[in-house]
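# Residue-level structural notes
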Amino acid sequence: MNIRELNNNHSLNQDKNIRMLEIKDLHVSVEGQEILKGINLSVGAGELHALMGPNGSGKSTLAQVLAGRDIYQVTAGEVLFEGRDLLALTPEVRARKGLFLSFQYPVVISGVNNIYLLQAALNARRKERGEEALDAVDFLALVRNRLQAVQMDESFLYRPVNEGFSGGEKKRNEILQMLILEPILAILDETDSGLDIDALKIVAEGINNFRTPQRSFLVITHYQRLLGYVEPDWVHVISEGRIVKTGGPELAHELEERGYGWLQGGQPDVTIKAAIGP
Amino acid sequence: MTSDRQTIDSITSQEYKYGFVTDIEQETIPPGLSEAVVRLISSKKEEPDFMLQWRLKAYRRFVQLQADNKEPHWAKAEYEPIDYQAISYYSAPKDTPELSSLDEVDPKLLETYTKLGISLLEQKRLTGVAVDAVFDSVSVATTFKDALAEVGVIFCPFSEAVQKHPELVEKYLGSVVPYTDNFFATLNSAVFSDGSFVYIPKGVRCPMELSTYFRMNAAKTGQFERTLIIADQGSYVSYLEGCTAPMRDENQLHAAVVELIALDDAEIKYSTVQNWYPGDKNGVGGIYNFVTKRGACRGVNSKISWTQVETGSAITWKYPSCILQGDNSIGEFYSVALTNNYQQADTGTKMIHLGKNTRSTIISKGISAGHGQNTYRGQVKIMPGATGARNYSQCDSLLVGDQCGAHTFPDIDVRNSSARMEHEATTTRIGEDQIFYCRQRGLSTEEAVSMIVNGFCRDIFRKLPMEFAVEAQKLLELSLEGSVG
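Worth saying up front: this structure is predicted, and the values here are computed from it rather than measured. (Residues numbered from 1 in each chain as written. Chains lettered and ligands numbered in written order. Predicted model: local features only at pLDDT ≥ 70, side-chain atom pairs only at ≥ 80, totals over all residues. Heavy atoms only, no water.)

## Structural notes on the overall build of chain A
When helices and strands are tallied, chain A shows nine helices and twelve strands. Residues classed as buried in chain A amount to 54% of the 278 residues present. Partitioning the contacts of chain A with sequence separation of at least 6, the portion at a separation of at least 24 is 70%. (Helix = DSSP H or I, 4+ residues; strand = E, 2+ residues; numbered from the N terminus. Buried < 20%, exposed > 50% of the residue type's maximum accessible area, 1.4 Å probe, protein only. Contact = heavy atoms within 4.5 Å.)

Okay, here's the thing in C-alpha cells:
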C-alpha cells in the first residue's frame, strides 16, 4: 500500500474532493461488440443516482462491470471507487470494500442455506474492516433485526439461497443482504422489477431507511415506479451505451410520460458535467 | 473465467498430504502369485488348515478366471492391464512377534500414525475411539482391547481372530462374499493377509466407535485386507475405516473385502473415509481401489448402514451393498464420491430385497472436477417374496468446471407388485454465475466452491460420526483445491 492509498483510507468521505464513484469515458465490449461507448458518471458520498434507459441500452452491463464480472472487456476508460482504481480489484475485494450489487436475477445455490451465505459474506466484509467475526448470538440478533426491515420470515434463513423463492422474495433477499453487509456503495439492478406494490413499498422503505450522508446508491431501473417511493438526487438516461440526458427527479416523471424515444440516438448531454459537479 | 480457472487449478493441484514413506525395515516377499505364495502367507499367519484350504480353493479359481480372461472391465474406468505377477502379496514391518503392549511397537510406526493424525496411545482415551491399524499387510496395534473385552466385544486383527476364534471365522467367512463372488474378491480370498475382525455379542451396544486405519507403505505391493463384522442379536456397532498411502509413480492395487452380518434386531453402521493416494495432477500413479463390500441383514428388524466419503484413489470400483433377508430389515447407502484431476470412480450399491417389508435408502452425491469421471452404478432388486418392500434412491451429480464427467446407471428390478420405488436424480454444475454471485458477496472462489460443495454433501456428512464429519469436510476442501472453472 503506498502513501496515497493510506491517505485515502484515512480520509474517506471526509475529503470532499474524493467521489464515491467516478466513471470516466468507460468503453466495454463483450465478444467483440461494444456495449458501453464512453460512459461518464460521478457519484458523490450520500447521493442516490438513478440510471434509466430502455432494454439493451447497457444499464445491466454497467452494473456487472462495476461488480467485476470478467466476461466483459473494458477497452478504454477508468473507474475510481473512493479514489482507488476499481477495475484493478477482484470482485470479492470490491465487495469487501463495500461495493454491493443487488442482482437483477439473483442466483440459486442449492444446498447452501441463506444464513450460511450471509454469515460468510458478513465475516468477509468485517475482516476487511479489521473487525472480528460476529459470534452466533450477535449475528442472529443482527439478522433478525434486518429481517424485520424487509418483513421476511425467519424461515427464509434456513432455505437454500434463492431456491424456490418467488420473484419478490428474491429481490427482498437481495435487500436483506444489503442491509446486513452495510455497503458504502449499493448498485441496485432492476430491484423493482417483478415486485408487487406491497413488496415494492417494503424494498423502497428498506432503501430509504438505509440512506446516510456517507452511503451512495446507483439505482438502475427501467420504469419510474420505484422512484415514486425513493427520491433520487440525479437521474441519468442511458441509451445505446451512452448517457444521453441527466437531470433531477423531474426527469424520471418526464420519461414516464414521454417514453425514451425522444432521447434515443442523441449525443451525450453537455449538461452532465455541470449537473454532477460538487 | 481465467482467474477462476487458475485458482481452481491451484486448488486442485494441491499436494497429497499423506504421501510420505516410512523408512522401516520390512519383510516383503518377492513379486509373483503362485500356490507357494498362498501357502507361505498362510504359514506366516500360522493358520489352521481350514483357512489354508479355503485360500487354495480361491487361488485355483483365480487361476481359472485369469485363464478365462474374466477380469471385469464393465466399470466406466480405463487403465492399463494389471500384471498380477509383478505385485508382491505380502509385506510386513520386520520383527513383529507377539506384542504385549504398544510400548513394543516400532516407534517409527507410531510416528507414522501420529503424522496421519491417529493416536494409538491408550492414554488418549478421550477420543473414545478404538483403533486397529493395518500397515501394509499386517495389523500392528489394536487399542482399547481390554475395555472392549469387558463387555465381550471382540475387536482384533483378522489373523488373531483366525487363531483365537476359529469357530466364528469358519462360520461367517465368505458367507456374504463367497470366494467365488468376483475376480477381485477371489484374489483377495487367496492372498489376504490381515484386516479387522469384530464380534458384538447378543444385546451389547458397543461402547465406543471402532476404527481401522489402513496404510499402504511398501512399494510394488498390493494391499488385500479382509474385514468381517458380526453383530449378534440385538447388538449395535459403529465402525469407521480410513485409508492413506504414499505418493508413488506406479499404480498400486488395493483389493479388499468387507463382510457384515447383522442378526435379529442388530444394527451395523459402517463409515469409510477413503483417501488413498489419487495420483498426481496428470494422472500418474495412484491406487486402484477395487473393493467388494457387502452386508447381510440376516435377522428380522436388522439394519446395515453404509456411509462413504471417497476422495482418494486413481480408480475406485466399489459397491457397498445390502442383502435384506430378514423381514423388516433396513439397508442404507450414503455416499459422497469426489473425482478430481484424472481420477475415475465407478461406485454405487446393490439393495437386494428378500424379506417382507424391507426398506432401503440410497443417497449418492458425486462430485466431478478437473478431468475426473464419476459414475453412480446401482441396483435395486425386489424379489418375489419381498412383499411391501420400499426403496428410495437419490443420485445427485455436481460438476465443477467443464472438463469432467458424471454418469448414472441405475438398475431397478421389481418382481413383487406391492413394492414402492422412488428414484430421483439431478445433475448440476457449479456455474460461473454462482461463483460470481458469491464473490460479489465477498467470498473468494475457493470459499465459494467449498461452500457449494459442502452444501451439496451436507446430508451425507450428517450421517458420519461427528469428528469424522469434520475430517471429511476438510478432506473434501483439500481434494478440491484447484478445481473450479
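## Some thoughts on the interface of chain A and chain B
In this assembly, 33 residues from chain A lie in contact with 21 residues from chain B. Of all residues in chain A, the largest losses of buried area upon contact with chain B belong to A:R69, A:E92 and A:V107, amounting jointly to 22% of the total for that side. For the pair chain A and chain B, the number of links is three salt bridges. When the shortest N-O distance is used, the salt bridge between A:E174 and B:R441 registers 2.6 Å. Where chain A touches chain B, the interface holds eleven residue pairs in polar contact (both at pLDDT 80 or more). Mapped onto the side of chain A that touches chain B, the elements with two or more residues apiece are α2 (59-67), α3 (91-96), β6 (99-102), β7 (109-113), α4 (114-128) and α6 (167-181) of chain A. When residues in the side of chain A that touches chain B are grouped by element, the largest group, five residues, is from α4(A). Tallied by class, residues from the side of chain A that touches chain B come to 20 nonpolar, eight polar and five charged. (Buried area = accessible area lost by both parts, 1.4 Å probe. Salt bridge = Lys/Arg side-chain N within 4 Å of Asp/Glu carboxyl O. Polar contact = N/O pair within 3.5 Å; in protein donor to acceptor, adjacent residues only side chain to side chain. Nonpolar A, V, L, I, M, F, W, Y, C, P; charged D, E, K, R; others polar.)

## Re the nonpolar core
In this structure, A:M178 and B:I367 are the most contacted members of the largest nonpolar core, which totals 100 residues. Core analysis: the second largest hydrophobic core is formed by 54 residues, B:I82, B:Y90, B:F158 and B:L228 among them. (Core = buried A, V, L, I, M, F, W, Y, C linked by side-chain atoms within 4.5 Å.)

## Observations concerning the packing of aromatic side chains
All names here are of chain B. Scanning the model with the defined rule gives 24 aromatic pairs over all chains in all. Look at F158 and F197: their rings are 6.4 Å apart centre to centre, the planes differ by 85°, and that puts the pair in the edge-to-face class. With F158 in helix α6 (residues 158-164) and F197 in strand β6 (residues 196-200), this residue pair connects regions lying 39 residues apart in the sequence. Note on accessibility: F158 and F197 belong to one class, buried. Each residue in the set F62, W74, Y79, Y84, F183, F184, Y288, F290, W317 and Y319 is aromatic and connected to the rest through ring pairs, giving one cluster. Positioned above the aromatic ring of F456, the side-chain terminus of K365 is 5.0 Å from the ring centre. (Phe/Tyr/Trp six-rings, centres within 6.5 Å; stacked < 30°, edge-to-face > 60°. Lys NZ or Arg CZ within 6 Å of the ring centre and 35° of its normal.)

## Some points on the confidence of the model for chain B
Atomic detail in the predicted coordinates should be set aside for any region of low pLDDT. Residue and element names in this part refer to chain B. Overall, the predicted model of chain B reaches an average pLDDT of 84, with 80% of residues at or above 70. Overall, residues 1-13 carries pLDDT values under 50, and its contacts beyond four positions in sequence, including any with other chains, amount to 43 contacts. Contacts of residues 121-127 to residues separated by more than four positions or lying in other chains number eight contacts, the stretch itself having pLDDT below 50. Complex prediction metrics read pTM 0.79 and ipTM 0.89. (pLDDT = per-residue confidence, 0-100.)

## Observations concerning the packing of helix α2 (residues 35-44) of chain B against helix α3 (residues 49-67) of chain B
Packed helix pairs are specified by the crossing angle of their axes together with the interaxial distance, meaning the distance between the axes. All names here are of chain B. Packing of α2 against α3 brings their axes to within 10 Å, and their N-to-C directions diverge by 155°. Compared by their axis directions, α2 and α3 come out roughly antiparallel. When the axes of α2 and α3 are compared, the crossing they make is right-handed. Across the interface between the two elements, E35, V38, R39, I41 and S42 from α2 touch L52, R55, L56, Y59 and R60 from α3. In terms of residue class, the contact of α2 with α3 is built from five nonpolar, one polar and four charged. (Axes fitted to C-alpha atoms, helices over the stretch in contact; angles between N-to-C directions. Parallel < 35°, antiparallel > 145°, perpendicular 65-115°, else oblique. Left-handed = near helix turned anticlockwise from the far one by under 90°.)

## Notes on the pattern of salt bridges
According to the stated counting rule, one finds 27 salt bridges over all chains in the structure shown. Between A:K24 and A:E78 there is a salt bridge; the shortest N-O distance is 3.7 Å. Of this pair, A:K24 sits in strand β1 (residues 21-30) while A:E78 sits in strand β4 (residues 73-81), and the two are 54 residues apart along the sequence. The exposure class of A:K24 is partly exposed, given its relative accessible area of 33%. Relative accessible area serves as the criterion here: at 34%, A:E78 is assigned to the partly exposed category. Across the pair A:E92 and B:R439 runs a salt bridge, and its minimum N-O distance is 2.6 Å. A residue pair is termed interchain when its members come from two chains, as with A:E92 in helix α3 and B:R439 in helix α9 (residues 432-440). Owing to a relative accessible area of 6%, B:R439 belongs among the buried residues under this scheme. Each of the salt bridges in this network shares a partner with another, and the network as a whole consists of A:R126, A:R129 and A:E131.

## Regarding the side chain of B:N416
All names here are of chain B. Mapped onto the fold, N416 is located in the loop between β22 (405-414) and β23 (420-430). At a separation of 3.3 Å, a polar atom in the side chain of N416 contacts the side chain of T387. Of note is the side chain of N416, whose polar atom sits 2.7 Å from the side chain of S418.

## Description of the sheet that holds strand β3 (residues 48-52) of chain A
Strand-to-strand pairing in sheets goes through backbone hydrogen bonds, with the strands running parallel or antiparallel. All names here are of chain A. One open sheet holds the six strands; their spatial order is β6-β9-β10-β3-β11-β12, and the pairing between them is mixed. Strands with a single pairing partner mark the edges of an open sheet, and in this sheet they are β6 and β12 (242-247). Pairwise comparison of adjacent strand axes, ignoring direction, gives a mean angle of 20° for this sheet. With four bridges connecting them, β6 and strand β9 (residues 185-189) associate as parallel partners. Bridge pairing in β9 places F100 opposite A186. (Pairing = 2+ DSSP bridges.)

## Some thoughts on unusual backbone geometry
All names here are of chain A. The backbone of E82 shows a phi angle near 50°, a positive value even though the residue is not glycine. Residue classification places E82 among the buried residues on the basis of a relative accessible area of 4%. Non-glycine residue E240 carries a positive phi angle of around 50°. With respect to the secondary-structure elements, E240 resides in the loop between β11 (234-239) and β12. Relative accessible area serves as the criterion here: at 47%, E240 is assigned to the partly exposed category.

## Observations regarding helix α8 (residues 183-191) of chain B
All names here are of chain B. Summarising burial for α8: nine of the nine residues are buried, a large majority. Listed in full, the buried residues belonging to α8 are F183, F184, A185, T186, L187, N188, S189, A190 and V191. Two or three places before F184, at the opening of α8, N182 has a side-chain oxygen 3.0 Å from that residue's backbone nitrogen.

## Brief notes about the environment of B:R359
Residues and elements named next belong to chain B. Assignment of secondary structure puts R359 in strand β19 (residues 359-368). Between the C-alpha atoms of R359 and S175, which are 184 residues apart in sequence, the distance is 22 Å. For R359, the contacting residues outside a window of four places in its chain are L324, S329, I330, G331, H353 and R390.

## Digging into the side chain of B:Q308
Residue and element names in this part refer to chain B. Topologically, Q308 is positioned in strand β14 (residues 303-310). The exposure class of Q308 is buried, given its relative accessible area of 2%. Here T347 takes part through its side chain, which lies 3.1 Å from a polar atom of the side chain of Q308. Every residue in contact with Q308, bar those within four places of it in the chain, is listed here: T272, K318, P320, F333, Y334, S335, V336, T347 and I460.

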